[in-house]
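These are the residues of each chain, in order.
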Amino acid sequence: MNSVAGGGTFFSFPALLAVGVPPVIANASNAVALWPGSLAGAWAFRRELRRFSSVLPLLSAIAFAGGIAGGLLLLRTSNDRFSMLIPWLLLLATLLFAFSGPLSSGVRSLLRRADELPHRQASSTHRFGAGGYLFQALVSVYGGFFGAGMGILMIASLAIQGFEDLYEINALKNWLSAVIYSVAVATFVLAGAVSWPHTLAMLVGATIGGYVGAAWARRIPAAWLRRFIIGFGALLTAWYFPDAFG
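No experiment lies behind these values; they were computed from the predicted model shown.

The rules behind these values
- Residues numbered from 1 in each chain as written.
- Predicted model: local features only at pLDDT ≥ 70, side-chain atom pairs only at ≥ 80, totals over all residues.
- Heavy atoms only, no water.
- Core = buried A, V, L, I, M, F, W, Y, C linked by side-chain atoms within 4.5 Å.
- Buried < 20%, exposed > 50% of the residue type's maximum accessible area, 1.4 Å probe, protein only.
- Helix = DSSP H or I, 4+ residues; strand = E, 2+ residues; numbered from the N terminus.
- Contact = heavy atoms within 4.5 Å.
- Phe/Tyr/Trp six-rings, centres within 6.5 Å; stacked < 30°, edge-to-face > 60°.

1. Quick word on the nonpolar core
One finds Phe 82, Phe 146, Ile 169, Leu 172 and Phe 188 to be the most contacted residues of the largest nonpolar core, which totals 60 residues. At 11 residues, the largest contribution of residues to this core is made by helix 9 (residues 166-190).

This is the structure:
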C-alpha cells in the first residue's frame, strides 16, 4: 500500500495503538518498520528515477535535512497533542492531491518561462524551481514528523509542480521517502523511541510489500490509481477525525 498510494501506515499505525503502544512511540516504531520497504520501493522504480539525475542530489539533501528536523519535532511532541494532529494532517494531504490539477495549472502559469512550456514529453528536471524545492522541504519535515500520509502529501506536492505521469511521481516519492525515513529512523533509534518487538513483527511484510507493491502499481491505469488515492485518503481522514475532538 505504501509504495502504491502512500497509505499503508494507516493500517499498521492503528494496529500499534490498538495493542497499547503510545502514539509517539507507535509512529516512531512504524517508521522503522516501513524503512526497508521504502528502500525496496525506490529500487523497484529505479528505471523511472534515472530521468531525474540532475535534480536528485539537491532533492535528496533537502529530504535528509527535513527528515531530521521532523523527527526531532516529533520527539518533542506529547502523545495527546500528536493524536489530535493526525486527522488534520491527513485532511491537508488528501485535499492537496484531490485539487492538484487546478493548483498545478496555477503554479505553471506563474512559474513557466516564455521559452520553456511544460509538456508531458519535456524533461521532468525542468519543472523544479525555488518554490518546488521549498515545498519539498516542508513535505520532508512533515514526513519526519508524521510518517502516516507522507506518501499522499509527497504525491500531491509533485503533482502541483506539474508532474503528470504517476509512475514518475511514484519513483521520486519512493526515493525521497526512503531518504526521509532513513534519517528519521536513525533519530528515533538514537533517542530510544522505538518499541522493538512490534517493529520487528512488521519488518518482513513491509519489506516484501514495498517491492511487490511498486511492481503492481505499473499495471494499474493512472486514472484508477488517482481515484483510489483520493478515496482512500478521504476514508482515513473520516476514520481519525473523532480522535481530534475526543
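That shown, we press on.
2. Remarks on the side chain of Ser 177
Within the secondary structure, Ser 177 sits in helix 9. Note on Ser 177: relative accessible area 5%, which makes it buried. Discounting residues that sit within four places of it in the chain, Ser 177 has contacts with Ser 38, Met 150 and Met 154.

3. Points about the packing of aromatic side chains
Using the criterion set out here, one finds five aromatic pairs in the structure. On the basis of an interplanar angle of 85 degrees and a centroid distance of 6.3 Å, the ring pair of Phe 13 and Phe 82 is categorised as edge-to-face. Taken as a pair, Phe 13 in helix 1 (residues 9-18) and Phe 82 in helix 5 (residues 79-98) lie far apart in primary sequence, 69 residues in all. Relative to Phe 145, the ring of Phe 82 lies with its centre 5.6 Å away and its plane at 75 degrees, an arrangement referred to as edge-to-face.

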